[in-house]
Amino acid sequence: MRNVTDTHPQNLPKFLPTREALAVYRSAFGQRPVMNPGSANVALLDLEPKEPEFFSELVSGLSQHPRTLPCKFFYDKQGAELFQAICETPEYYVTRTELKILQECGPDMASHLGEAVELIGLGTGAGTKTRILLTQLTDPAVYVPVDISSAQLRRSTTLFRQLFPHLEILPVCADYLQPFPLPTPTHQPKRKVVYFPGSTIGNFDPPEAIGFLQRIALVCRPGGGLLIGVDLKKDPVTLEKAYNDAQGVTAAFNLNLLARANRELGANFDLHLWKHRAIYNPTAGRIEMNLVSLCDQLVTIRDHQFFFKNDEPIITEYSYKHSPEEFENMARSAGFALRKVWTDTQKLFGVFYFDLLP
Ligand code: AVI
């Protein structure tokens with residue numbers, strides 16, 4: 001098999017028309033993606049971001065005022081494991097609630113999506129939610145999982161090929177925040193539906209979220225749809241507990257960003273001199289997650305030095321919470337019309353289904 005990293009993003013036009021995307025995919029993988037027993041050999045379109053991006057974005061984020069670190073860098077191996085552990089804490093209702101909604105309302109969701117769809121899963125991780133959805137769908141034509149972690153994508157693709165042996169699965173390893181090429185399936189789907197679970201949309205500022213939804217609209221046109229999980233506005237106590245769990249898993253997840261900089265870039269952050277903080281800002285409607293310096297300190301990252309004052313924060317993540325009306329309006333401005341929202345009895349979380357406006 002050819003080295004699939006030949007298909008470097010710089011060499012590819014953005015949002016390739018399907019025929020060209022197919023050519024790129026086939027030249028990388030052969031006529032059809034290879035079915036492999038071990039996940040290490042799963043063929044995927046590999047556009048995984050490489051290390052220099054972490055260094056340059058870290059330096060530019062720490063040079064800003066207020067200082068920031070992009071939350072996409074949370075998810076190295078340790079960070080992905082910690083995120084998994086967050087999802088199992090009693091306080092983090094988000095994952096549990098979304099799963100319950102999917103289990104209970106899956107058949108109704110499937111009837112809205114229709115038959116023979118191409119399901120494009122963005123950031124679907126281990127694929128627990130997608131698995132529930134795919135089980136309910138009527139004769140899906142193809143599944144295209146898109147994830148930033150090639151290891152995760154290979155594992156989940158191997159599992160999904162065993163679970164759904166008749167389904168064409170075309171994995172793409174890419175930072176889905178950037179334009180990426182889509183492979184063309186063997187069987188023509190009736191329509192494309194983008195699936196974006198987990199309330200990751202909440203990690204975008206509203207203008208960024210609208211821009212992202214507009215790009216999704218380009219991907220699923222003409223006549224496609226969007227199924228998206230969104231964390232809803234609720235009382236601040238429940239929200240703050242979810243991001244300050246008693247076992248300290250979220251704190252470890254946040255601090256892992258600094259540990260990752262030490263591991264990968266030889267930075268010298270002393271983790272004892274930083275603390276995790278997560279506060280709900282009701283005006284902005286978001287959880288603000290920071291790492292706060294516990295003293296005046298100097299940190300070196302390769303040839304860069306940063307001086308942090310006592311109590312100075314680094315913004316690591318915003319997690320916006322939306323009311324159903326707010327989210328419907330945002331999606332409408334990106335070209336989507338709401339068909340249905342499924343929620344739990346406490347209205348903690350919503351799974352929204354939109355059709356693309358003609
Ligand atoms: C991935 N994302 C939706 C999570 C959230 O709730 O914003 C990330 C997270 N950060 C802390 N806990 C979970």
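Residues numbered from 1 in each chain as written. Predicted model: local features only at pLDDT ≥ 70, side-chain atom pairs only at ≥ 80, totals over all residues.

Another point: the site of the ligand. Every residue near the ligand is listed here: Ile86, Val94, Gly198, Ser199, Thr200, Gly202, Asn203, Tyr243, Thr250, Glu317 and Ser319. Residues that form the shell around the ligand fall into these classes: three nonpolar, seven polar and one charged. (Near = placed C-beta within 6 Å. Nonpolar A, V, L, I, M, F, W, Y, C, P; charged D, E, K, R; others polar.)

All right, on to the sheet that holds strand S2 (residues 67–68) then. Strand order in the open sheet formed by four strands is S2-S13-S10-S9, and the pairing between neighbours is mixed. Since the sheet does not close on itself, it has two edges, and those belong to S2 and strand S9 (274–281), each with one partner. Pairing analysis gives two bridges linking S2 to strand S13 (residues 313–320), with the strands arranged parallel. Looking across to S13, one finds that threonine 68 is bridged to isoleucine 315. In the packing of helix H9 (residues 249–265) onto the sheet, the strands contacted are S9, strand S10 (286–293) and S13, and the crossing angle to S9 comes to about 120 degrees. (Pairing = 2+ DSSP bridges. Helix = DSSP H or I, 4+ residues; strand = E, 2+ residues; numbered from the N terminus. Contact = placed C-beta atoms within 7 Å. Axes fitted to C-alpha atoms, helices over the stretch in contact; angles between N-to-C directions.)

Where helix H3 (residues 77–87) meets H9, the closest approach of the two axes is 9 Å, and the angle between their N-to-C directions is 170 degrees. When the axis of H3 is compared with that of H9, the two are roughly antiparallel. When H3 is examined against H9, the residues Gln78, Gly79, Leu82, Phe83, Ala85 and Ile86 are found in contact with a partner set consisting of Val249, Thr250, Ala252, Phe253, Asn256 and Arg260. Taken together, the residues of the contact of H3 with H9 sort by class into seven nonpolar, four polar and one charged. (Parallel < 35°, antiparallel > 145°, perpendicular 65-115°, else oblique.)

It is worth spelling out the environment of threonine 130 at this point. With respect to the element layout, threonine 130 can be found in helix H5 (residues 128–136). Along the backbone, threonine 130 and phenylalanine 160 are 30 residues apart, and their C-alpha atoms lie at a distance of 9.7 Å. Not counting residues within four places of it along the chain, the set of residues in contact with threonine 130 comprises Gly121, Thr124 and Tyr195.

Now for the nonpolar core. Counting 64 residues, the largest nonpolar core has Val193, Val194 and Leu226 as its most contacted members. Setting aside its immediate chain neighbours within four residues, valine 194 contacts Ile120, Leu122, Ile216, Val219, Cys220 and Leu226. Residues Leu69, Phe73, Ala251 and Ala267 belong to the second largest nonpolar core, which totals 20 residues. (Core = buried A, V, L, I, M, F, W, Y, C linked by C-beta atoms within 7 Å. Buried ≥ 20, exposed ≤ 12 C-beta atoms within 10 Å, placed from the backbone.)

Time to look at the confidence of the model for the protein chain. Mean pLDDT over the protein chain: 88, with 88% of residues reaching 70 or higher. This stretch, residues 1–37, has a pLDDT under 50; its non-local contacts, to residues over four places away or in other chains, come to 48 contacts. (pLDDT = per-residue confidence, 0-100.)

To continue, consider the pairing of strand S14 (residues 336–343). The side chains of a regular strand alternate between the sheet's two faces. Bridge analysis of S14 against strand S15 (residues 349–356) gives seven bridges, and the strand direction is antiparallel. Looking at S15, one finds that leucine 338 is bridged to phenylalanine 354. In textbook terms, the turn of a hairpin is the stretch between consecutive antiparallel strands, and for S14 and S15 this stretch comprises five residues, one of which, lysine 347, has a positive phi near 55 degrees.

Inspection of the sheet shows strand S11 (residues 297–301) paired to strand S12 (residues 304–308) by five bridges, in the antiparallel sense. The residue bridging isoleucine 301 from the neighbouring strand is histidine 304, located in S12. Where S11 hands over to S12, the hairpin turn is made up of two residues, of which arginine 302 adopts a positive phi near 50 degrees.

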